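A look at the structure
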Amino acid sequence: MESQSHLLRFIHIAVLLGLCLAADPFANFELELSYLTLSPLAVPQQVIAVNGKFPGPTLNVTTNYNVVVNVKNKLDEDLLITWPGVQMRRASWQDGVLGTNCPIPPKWNWTYQFQVKDQIGSFFYFPSLHLQRAAGGFGSFIITNREIIPLPFNTPDGDIVIMIGDWYTQNHSALRATLGAGEDLGMPDGVLINGKGPYQYNATLVPDGIDYETINVDPGKTYRIRVHNVGVSTCLNFRIQNHNLLLAETEGHYTTQQNYTSLDIHVGQSYSFLVTMDQNASSDYYIVASARFVNQSLWQRVTGVAILHYSNSQGKAAGPLPDPPNDFYDTSFAVNQALSIRQNVSASGARPNPQGSFHYGSINVTDVYILRSMPPVVIDGKLQATFNGISFVNPETPIRLADQFNVRGAYKLDFPSRPLTGPPRRDRSLLNATYKGFIEVILQNNDTVVQSFHMDGYSFFVVGMAYGEWTENNRNSYNKWDAISRCTTQVFPGGWTAVLVSLDNVGVWNLRVENLDRWYLGQETYMRIINPEESNKTELAAPDNVLYCGDLGHMQKPQKTTSSASVVAESKLYLMLLAIIVYAVLSI
């Protein structure tokens with residue numbers, strides 16, 4: 001009888017563990033990054049392909065999935081893949097930036113493993129080192145709803161991914177050399193849509209021989225079109241000729257559904273639109289992504305044009321492109337459009353409760369940070385970009401790894417909460433943020449270009465935005481009810497943006513500008529958020545496959561080739577062994 005009792009206990013434990021596995025399935029992916037020669041703007045150049053494709057494949061998972069991605073580095077330089085907007089709960093070890101991960105050396109592979117816990121939405125992945133995103137290496141990352149959670153709109157007839165971005169015909173190493181010489185990158189050579197150049201809408205501006213993107217649709221159907229700006233530094237206005245864009249979601253949060261004829265999409269931002277094919281298809285239609293906040297007459301050729309093709313179309317697209325916004329008589333247009341994007345507080349997200357149930361406007365702020373960006377300056381003989389007068393220097397030993405092995409002097413916890421008054425400097429300063437704090441961050445852009453600010457590991461509420469210097473009186477204008485929650489927001493030149501965020505995700509998380517030139521020049525820092533009562537409940541331990549570098553480089557073992565499938569098998573074996581151990585303990 002006793003042996004039967006032990007057997008029943010073991011079966012019970014195994015069933016529980018099996019249910020855990022069944023409830024949170026694994027999604028396995030293999031990504032190989034390598035060079036490829038293509039001519040997206042009719043000039044042969046080196047791009048970074050993923051699995052031989054440019055852009056890379058879409059990774060499609062469902063809420064709460066355990067995601068296992070084995071990345072093979074076939075480049076000739078170090079590599080890291082980052083997942084902006086994917087809120088890795090308790091797992092900053094998987095974030096894929098230099099402050100949290102040692103880089104993957106050439107000819108090595110490394111397996112990321114994280115859970116998309118309680119998330120939905122449209123995101124993308126990309127390489128975070130050496131300006132590599134300027135050469136490609138990116139792809140869409142989609143987290144779909146569980147079946148038990150209804151969408152706040154009718155199920156679309158199809159799902160379409162569109163990746164837009166400014167593009168240079170120089171490769172990323174040449175762009176690095178330009179910045180290293182203290183020069184500006186200058187005007188891009190064009191805008192790509194899904195890795196392809198513009199349709200020849202104008203023979204003077206668009207040369208012959210350019211391959212363009214065609215999106216095929218059926219009349220009368222409604223499609224969810226996910227648009228990502230994966231470019232270097234240019235905000236792009238997105239529009240589809242004669243079609244309304246019904247905004248539905250941005251970076252993991254449903255929006256109030258309202259129509260736009262066009263929308264400004266800043267670097268690093270992602271949006272979902274519902275677009276109904278309600279035209280008469282007398283011809284194809286233009287899909288346009290054109291540069292914003294620049295001299296339009298000089299930047300005419302920096303325009304991406306694709307084709308929307310109805311299955312019953314009767315001819316090619318022709319005539320002028322649909323007009324972009326005209327800010328000449330309405331200088332507040334861009335700010336007002338940004339503030340019109342509101343949270344859908346009556347919709348459920350990843351869980352069966354309304355997103356708006358989190359009443360952020362009634363929570364007391366614990367800390368205030370003002371992050372000011374200025375035009376790049378020369379520091380110690382090199383051109384650098386700064387937050388609060390500090391140009392960040394990545395530590396040789398990643399921050400949490402340095403914590404775990406007591407590496408002294410790897411970084412400082414002295415990042416200023418206000419702009420410095422002294423001369424700018426290069427430093428390894430972090431924000432010593434408080435676990436479960438609720439902070440206000442004021443992004444003051446005193447640079448000459450529009451910037452995109454991003455926070456890894458979190459979404460924040462964009463509560464205010466305007467031109468001019470921020471003052472405490474501006475708090476009276478904050479939206480404290482239905483401000484959109486997202487991970488990347490624009491900050492206009494000579495203006496400010498205010499965000500609120502609850503610091504409930506333990507780890508070390510990157511704060512940066514998404515403009516690749518400014519990021520490369522040092523405009524970033526990190527938040528170190530540590531639970532004083534640390535346990536694996538609030539932060540996962542370092543993974544078994546952690547890479548070692550810097551002061552811990554001597555601990556690195558030779559490369560062991562793995563695959564995402566083998567990692568999943570090891571995880572399941574671990575759970576089985578855990579069941580056996582628990583059974584043994586209960587048997588004593």
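To be clear, the structure that these remarks concern was listed above.
Topic: the overall build of the protein chain
When its secondary structure is counted, the protein chain shows 6 helices and 33 strands. Counting only carbon and sulfur atoms, one obtains 52% of the accessible surface of the protein chain, whose full area is about 24,300 Å².

Points about the sheet that holds strand 15 (residues 253-260)
On the basis of which strands lie adjacent, the open sheet formed by 6 strands has the order 10-9-12-17-14-15 and mixed pairing. Sheet topology places strand 10 (190-193) and strand 15 at the edges, where each strand pairs with a single neighbour. Across the sheet, the mean angle from the axis of one strand to that of its neighbour is 25°, orientation sign disregarded.

Concerning empty space enclosed by the protein
Enumeration according to the criterion identifies 7 cavities of 30 Å³ or more in this entry. Estimated volume of the largest cavity: approximately 90 Å³. Around the largest cavity sit 16 residues that line it, and Phe138, Gly165, Trp167, Leu192 and Val230 are the ones nearest its centre. Top contributing element to the lining of the largest cavity by residue count: strand 9 (residues 158-167), with 5 residues. Of the residues assigned to the lining of the largest cavity, the class counts are 10 nonpolar, 4 polar and 2 charged.

Quick look at the state of the cysteines
In this structure the tally under the stated criterion is 1 disulfide. A sulfur-sulfur distance of 2.1 Å marks the disulfide that ties Cys102 to Cys549. Linking Cys102 and Cys549, the disulfide has an S-S dihedral of approximately -85° and is accordingly described as left-handed. In this pair, Cys102 sits in the loop between strand 5 (81-82) and strand 6 (109-115) while Cys549 sits in the loop between strand 33 (524-530) and helix 6 (564-587), placing the two residues 447 residues apart along the sequence. Across the pair, exposure class does not vary: Cys102 and Cys549 are buried alike.

Brief notes about the nonpolar core
Counting residues in hydrophobic clusters, the biggest one holds 137 residues, and the most contacted among them are Trp83, Tyr112, Phe141, Phe273 and Met527. For this core, the element with the most residues is strand 9, which contributes 5 residues. If you look at the next biggest cluster of nonpolar residues, it comprises 12 residues, including Phe438, Trp470, Tyr478 and Ala483.

Some details on the side chain of Ser373
Topologically, Ser373 is positioned in strand 20 (residues 367-373). By relative accessible area, which is 2% here, Ser373 ends up buried. Once you skip the residues sitting within four places of it in the chain, Ser373 turns out to touch Thr386, Phe387, Gln444, Asn445, Asn446, Asp447, Gln451 and Gln523.

A word on the pattern of salt bridges
Applying the stated criterion to the full structure yields 22 salt bridges. With its nearest N and O atoms 3.1 Å apart, the salt bridge here joins Asp456 to Arg512. Placement of the pair is Asp456 in the loop between strand 27 (451-455) and strand 28 (460-467) and Arg512 in strand 32 (residues 507-513), with a sequence separation of 56 residues. Among the residues examined, Arg512 registers a relative accessible area of 0% and is labelled buried. Asp517 is the salt-bridge partner of Arg518, the closest N and O atoms lying 3.4 Å from each other. The two residues Arg518 and Asp517 agree in class, both being buried. One connected set of salt bridges, linked through shared partners, spans Arg133, Asp456, Arg512 and Glu514.

Focus on unusual backbone geometry
For the bond running from Phe54 to Pro55, omega is -5°, close enough to zero to count as cis. On the secondary structure map, Pro55 appears in the loop between strand 2 (45-50) and strand 3 (59-62). Not every positive phi belongs to a glycine, and Lys107 is a case in point at roughly 70°. Relative to the helices and strands, Lys107 resides in the loop between strand 5 and strand 6. Judged by its relative accessible area of 75%, Lys107 is exposed. In this structure, Phe293 is a non-glycine residue whose phi angle is positive, near 60°.

Calculation criteria
Residues numbered from 1 in each chain as written. Predicted model: local features only at pLDDT ≥ 70, side-chain atom pairs only at ≥ 80, totals over all residues. Heavy atoms only, no water. Helix = DSSP H or I, 4+ residues; strand = E, 2+ residues; numbered from the N terminus. Areas by Shrake-Rupley, 256 points an atom, 1.4 Å probe, with all protein chains shown as cover. Pairing = 2+ DSSP bridges. Axes fitted to C-alpha atoms, helices over the stretch in contact; angles between N-to-C directions. 1 Å grid on protein atoms, 1.4 Å probe; cavity = no way out; pocket = protein on both sides within 12 Å on 5 of 7 lines; lining within 4 Å. Points joined across faces, edges and corners; volume = space filled by probe spheres on them. Nonpolar A, V, L, I, M, F, W, Y, C, P; charged D, E, K, R; others polar. Disulfide = S-S within 2.5 Å. Buried < 20%, exposed > 50% of the residue type's maximum accessible area, 1.4 Å probe, protein only. Core = buried A, V, L, I, M, F, W, Y, C linked by side-chain atoms within 4.5 Å. Contact = heavy atoms within 4.5 Å. Salt bridge = Lys/Arg side-chain N within 4 Å of Asp/Glu carboxyl O.

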